[in-house]
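Coordinate inspection notes
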Amino acid sequence: TTYGPPYRQQSAQRAMVASTMNRLAVFASLVFCWCGCVVVVRGQQSAAGQDTLIGVVGRDFVLIGADTAASSGGIAITSSSVDKIAVVHDGGMFLSSREASGDVDCLRREGLSQQAIAVGFAGDIADADRFISMLRTHAQVREYEAGIGNDVTCVFDGELKRLGLESPIAVASSPSCGLDAEAIANLSRREIAQRMRRSPLQLCLLVGGMCFDPKTEASSSRRAGAEKDTATMSSRVQEQIRSSATLPESSLDPPETKTERHVINPFLRPKLFWLDQYGSLQNMPYAAHGHGSNFAYSILDQRYRRDMDRDDALAMMKECFDQLRERYVINSPRPPSIKCVDRLGVSEVDFDTA
C-alpha cells in the first residue's frame, strides 16, 4: 500500500506521454503530407518555369508558339534568341492542288507517308537538346527501316502471292509509313517515365503534327467497294472517254509550290500532345506550359473553336503573347517564335505580320 499511489501516478504520466507522442506523430505525418503536396505542386511548375509554350489545333494545321528567352535558373537572361520549337521531321511527299483534286488514292498515299513533326519544349535547355536529338535519331532510324525515300520499289513478291496475303499492285502502291506525332509523343512519354527514378528530365513538351486517320480510311474503303460493285461496263467506258477527251493543262502554267495550303486531306488529322516532366500525356485541342499559361488559358478557353482557320488561330495566339507582354512580370526582349505544322511541312510565321 505504501508504493501504490506513486505507481499509479507514474502509469498515468506514461499514458499522458504516450498520448502526446501519438498526437505529435499524427501532426507530423499531416505536416509531412502537406509539405509533400506543396513540393509536388511546385515541382509541376518548376520544369517549365519562366518559359512560355502555347499550342493550338486548327482545321488542318497545328500552331506552336514559344518565347525566345533562356536563363540559367536565376533572374538574368542568358540568351534571347533560343528556338524552343524543334523540327523532328519536315515531312515526306506532298500533293499539289492539281494532283489532289478528286484523287482519293493519291490523298491516301499522302496520308500514309511520313508527316511533319514539331516539338516545343520548356525547361532545361541541356535536357531539351539531348532529348530532341534522341527523337530525331529514332525518326531517322524508323525512316530507314520503312524504306522511305528509297527509289527501289517491290512490284512482285512470289511468297506473298503464294500465300494470298497481298497482291503485287498493293505491294507497289502502298507506301511505307514512318513515325507520326502520336508515336513521337508516346516515345517521349516512355523515355521521361523511365528516367524519373534515375535522373529526371526537367522538361515539358508540346508535340504537334498531322496523323493518319483510320476512320477516314475505313469509310473510304467501304465507299470505294460499294462504288466498284455498282459500276457497270458502260459507265466505265464513258469515264474513260471523258478522261481521254479532257485537254491537257498548259505547260505555261506556274508550277505548284509548297505555299499552296488550301487542299485539305481527309485522311490526315492535326493532333497536339501535352507532356509534363512526370510523363503525363494528353491529347489536347489547345495547351500551354509555364507560368504564363495562367494568362494564356483564359484567352484560349474563351476564343478557341475547333474549326479555326489559319488567320484566326494566329490572331488568337498573338493575343495570348500580347497579354503576356502586358501582364506577365517576365518579358522576353524579342518577339516569340511561332511555327505552323500542316500537310506540307513546318513553316515559320512572322509574329509582327501575323
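I will try to describe carefully the structure that is included in this document. (Residues numbered from 1 in each chain as written. Predicted model: local features only at pLDDT ≥ 70, side-chain atom pairs only at ≥ 80, totals over all residues. Heavy atoms only, no water.)

Here the focus is the overall build of the chain. Counting its secondary structure elements, the chain contains eleven helices and twelve strands. By the burial criterion, 36% of the 354 residues in the chain qualify as buried. Here the contacts in the chain between residues at least 6 apart in sequence split such that 75% fall between residues at least 24 apart. Only carbon and sulfur atoms are counted for the fraction: they give 55% of the accessible area of the chain, which is about 20,900 Å². (Helix = DSSP H or I, 4+ residues; strand = E, 2+ residues; numbered from the N terminus. Buried < 20%, exposed > 50% of the residue type's maximum accessible area, 1.4 Å probe, protein only. Contact = heavy atoms within 4.5 Å. Areas by Shrake-Rupley, 256 points an atom, 1.4 Å probe, with all protein chains shown as cover.)

Taken N-terminus to C-terminus, the directions of helix α10 (residues 293-303) and helix α11 (residues 310-327) make an angle of 150°; their axes are 9 Å apart at the nearest point. The pairing of α10 with α11 is recorded here as roughly antiparallel in orientation. Regarding α10 and α11, the two cross each other, and that crossing is right-handed. Mapping the contact onto sequence places F295, A296, I299, L300 and R303 in α10 and A315, M316, E319, C320, Q323, L324 and R327 in α11. The residue inventory of the contact of α10 with α11, partitioned by class, reads eight nonpolar, one polar and three charged. (Axes fitted to C-alpha atoms, helices over the stretch in contact; angles between N-to-C directions. Parallel < 35°, antiparallel > 145°, perpendicular 65-115°, else oblique. Left-handed = near helix turned anticlockwise from the far one by under 90°. Nonpolar A, V, L, I, M, F, W, Y, C, P; charged D, E, K, R; others polar.)

If you look at the biggest cluster of nonpolar residues, it comprises 40 residues, and the most contacted ones within it are I54, L63, L300, Y304, M316, M317 and I338. Considering every element that reaches this core, the biggest residue donor is α11, with seven residues. Those residues in contact with I54 that sit more than four places away from it in its chain are L63, I64, G65, L206, A287, A288, A296, L300, M317, C320 and F321. Counting 25 residues, the second largest nonpolar core, distinct from the first, contains I132, M134, I184 and A185. (Core = buried A, V, L, I, M, F, W, Y, C linked by side-chain atoms within 4.5 Å.)

On to the pattern of salt bridges. When charged atoms on two side chains of opposite charge get close, those side chains can pair. Tallying each qualifying case throughout the model produces eleven salt bridges. In this structure, the salt-bridge partner of E191 is R190, at a minimum N-O distance of 3.2 Å. Here E191 falls in the buried class, since its relative accessible area comes to 17%. Between R269 and D213 there is a salt bridge; the shortest N-O distance is 3.4 Å. (Salt bridge = Lys/Arg side-chain N within 4 Å of Asp/Glu carboxyl O.)

Let us now look at the sheet that holds strand β7 (residues 203-212). If you trace the five strands from one edge of the open sheet to the other, you get β5-β6-β7-β8-β9, paired in antiparallel fashion. Strand pairing shows two members of the sheet lacking a second neighbour, β5 (85-90) and β9 (281-283), which therefore form its edges. Averaged over all neighbouring strand pairs, the angle between strand axes comes to 20°, with direction disregarded. Sheet topology places β5 next to strand β6 (residues 116-123); five bridges connect them, and they run antiparallel. Bridged to V87 within β6 is A118. (Pairing = 2+ DSSP bridges.)

Spatially, the five strands line up as an open sheet ordered β10-β1-β2-β11-β12, and their pairing is antiparallel. The two strands at the open ends of the sheet, each matched to only one other strand, are β10 (286-289) and β12 (345-349). Here the strands of the sheet are splayed against their neighbours by 15° on average, with no regard to which way each runs. For strand β1 (residues 53-57) and β10, the ladder comprises four bridges, and the chain directions are antiparallel. Considered in β10, the bridge of V56 is made with Y286. The strands touched by α10 within the sheet are β1 and β10, with β10 carrying the most contacts at an inclination of about 170°.

Position of H289 relative to the elements: it lies in strand β10. At 3.1 Å, the side chain of H289 forms a polar contact with the backbone oxygen of L205. With near-sequence residues (within four places) excluded, H289 lies in contact with A48, D51, T52, L53, A122, C204, L205, L206, W274, L275 and D276. (Polar contact = N/O pair within 3.5 Å; in protein donor to acceptor, adjacent residues only side chain to side chain.)

What follows covers the packing of aromatic side chains. Between two aromatic rings, the relevant description is the distance of the centres plus the angle of the planes. On inspection of all chains with the given rule, the structure shows five aromatic pairs. Aromatic pair F212 and F267: ring centres 6.1 Å apart, planes at 5°, arrangement stacked. Taken together, the positions of F212 in strand β7 and F267 in the loop between α9 (233-245) and β8 (268-275) put the pair 55 residues apart, joining distant regions of the chain. Seen from their ring centres, F295 and Y328 are 6.0 Å apart, and the 50° between their planes marks the pair as tilted. Taken together, the residues span a long stretch of sequence, with F295 in helix α10 and Y328 in the loop between α11 and β11 (337-342) at a distance of 33 residues. (Phe/Tyr/Trp six-rings, centres within 6.5 Å; stacked < 30°, edge-to-face > 60°.)

What follows is about the environment of A66. Mapped onto the secondary structure, A66 falls in strand β2 (residues 62-66). Taking the relative accessible area as the measure of exposure, A66 reaches 1% and is therefore buried. Put simply, A66 and I54 are twelve residues apart on the chain and 6.3 Å apart in space, counted from C-alpha to C-alpha. With residues near it in sequence (within four places) discarded, A66 still touches T52, L53, K84, I85, F321, P336 and S337.

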